[in-house]
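The lines below spell out each chain.
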Amino acid sequence: LPLLTIGGGGKCLLISFAVTALPSSTMAWTTPARSAGSALPSSRATRSFTGLRIGIVQSRFNLSVCEGLLAACRASLNQHGVRDTDITLATVPGALEIPLALQAMAQSRKFDALIALGAVVRGDTYHFDIVANQSAHGVGQVQLQCAVPIANAILTTDTEEQAEERMGEKGA
């Protein structure tokens, strides 16, 4: 798996799919050296993502968390060779609107991969479950229908404190 981590857990797998699904001419591998017969080094092979066009859709709801996710995401992309000029940002009111914006970006065929950024914090009503489930389902549907890889970094947390704790870790 590449070291590019837009999110944790499953999100890392999604971005891994994203980069392996791209033509090999768009990527360059850098593999740490090792001696014959030695175990693989603990650091994984890395890729240069220079030249990849990345679209990001960010929710404006829970804005401080989403801005933290965006900052960590941009820093990680830049660290792996993606130039700011190759990153396009679209903002939407909330997590439920993210899939529609992703769909428009995917259908434009201008992007190699997309990233969804948002934060859904549990409240006292059933609304949390609807927003969390439907936004995740919508992101998955866009990815399947448009064949453009999407890293889903929409946080779903019980408290704002949890969201604050996870934004730097999951956005990077």
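Scroll up for the structure.
Predicted model, so just to flag it, every value in this text is computed and none were measured.

Novice: In this structure, what is going on with the pairing of strand β5 (residues 113–121)? I would like to understand it.
Specialist: On a regular strand, each side chain points to the face opposite its neighbour's, so the side chains alternate between the two faces of the sheet. With respect to burial, β5 is a largely interior element, 8 of its 9 residues being buried. Where strand β3 (residues 54–59) lies against β5, 5 bridges are found, and the strand directions are parallel. Counted as the bridge partner of isoleucine 54 is alanine 113 from β5. The pairing of β5 with strand β6 (residues 150–157) spans 8 bridges and is parallel. Looking at the pairing, leucine 114 lines up with isoleucine 150 of β6. Regarding topology, helix α4 (residues 127–146) serves as the crossover connection from β5 to the parallel β6, and that connection is right-handed.

Novice: What is the right way to look at unusual backbone geometry in this model?
Specialist: Trans is the common state for peptide bonds, and a negative phi is the common state for residues other than glycine. Notably, asparagine 62 is not glycine yet its phi reads approximately 55°, a positive angle. Here asparagine 62 is to be found in the loop between β3 and α2 (63–79). We classify asparagine 62 as partly exposed; its relative accessible area is 22%. Residue alanine 147 is not a glycine yet carries a positive backbone phi of 55°. Inspection of the secondary structure puts alanine 147 in the loop between α4 and β6.

Procedures and definitions
Residues numbered from 1 in each chain as written. Predicted model: local features only at pLDDT ≥ 70, side-chain atom pairs only at ≥ 80, totals over all residues. Heavy atoms only, no water. Buried < 20%, exposed > 50% of the residue type's maximum accessible area, 1.4 Å probe, protein only. Helix = DSSP H or I, 4+ residues; strand = E, 2+ residues; numbered from the N terminus. Pairing = 2+ DSSP bridges. Right-handed = clockwise from strand over helix to strand, strands pointing away.

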